[in-house]
Amino acid sequence: MVKTMTFAAVHMTVAFCVVYVMTGSFALGGAVALIEPLCNTAAYFFHEQVWERLRQQASRSPNFPSHISGGQHAVA
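1. What about the confidence of the model for the chain?
On average, residues of the chain score 84 in pLDDT, and 80% of them reach the 70 mark or higher. At the low end of the mean pLDDT range in the chain sits helix α3 (residues 66-69), at 61; at the high end sits helix α1 (residues 2-23), at 91.

This is how it looks when you write it as structure tokens:
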């Protein structure tokens, strides 16, 4: 969860800076810096949850693709 929160802080800072430089508006930069990264952070959190489930499934199944499980995939 700490990794997710630090990712959010970096993302918000970058979002604010990009929009502020493009528009010169603190209000618009602030709005984008709050809305877009929060949505992305939530998506990232759930993305990590899905990948963790896939890793767990891979550890239980010898036929799961190796690029997901991180191990060697035996070709039949």
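Once you've had a look at it, read on.
2. Concerning the side chain of Thr-41
By the element assignment, Thr-41 lies in helix α2 (residues 26-60). The class for Thr-41 is buried, based on a relative accessible area of 9%. With residues near it in sequence (within four places) discarded, Thr-41 still touches Thr-4, Phe-7 and Ala-8.

3. A look at α1
For an α-helix, 3.6 residues make a turn, and residues three or four places apart therefore share a direction. Spanning 22 residues, α1 covers 32 Å between terminal C-alpha atoms, matching the ideal 32 Å at 1.5 Å per step. Among all positions of α1, only Thr-4, Ala-8, His-11, Ala-15 and Val-19 are buried. Angular distribution of buried residues about the axis of α1 spans 75°; they occupy a single face of the element. Residues of α1 that are exposed and point more than 90 degrees away from the buried face comprise Val-2, Lys-3, Val-10 and Val-21. Elements that come into contact with the buried residues of α1 comprise α2. Phi for Gly-24, located one or two positions after α1, is positive at around 75°.

What counts and how
Residues numbered from 1 in each chain as written. Predicted model: local features only at pLDDT ≥ 70, side-chain atom pairs only at ≥ 80, totals over all residues. Heavy atoms only, no water. pLDDT = per-residue confidence, 0-100. Helix = DSSP H or I, 4+ residues; strand = E, 2+ residues; numbered from the N terminus. Buried < 20%, exposed > 50% of the residue type's maximum accessible area, 1.4 Å probe, protein only. Contact = heavy atoms within 4.5 Å. Expected span 1.5 Å × (residues − 1). Arc of directions from axis to C-beta.

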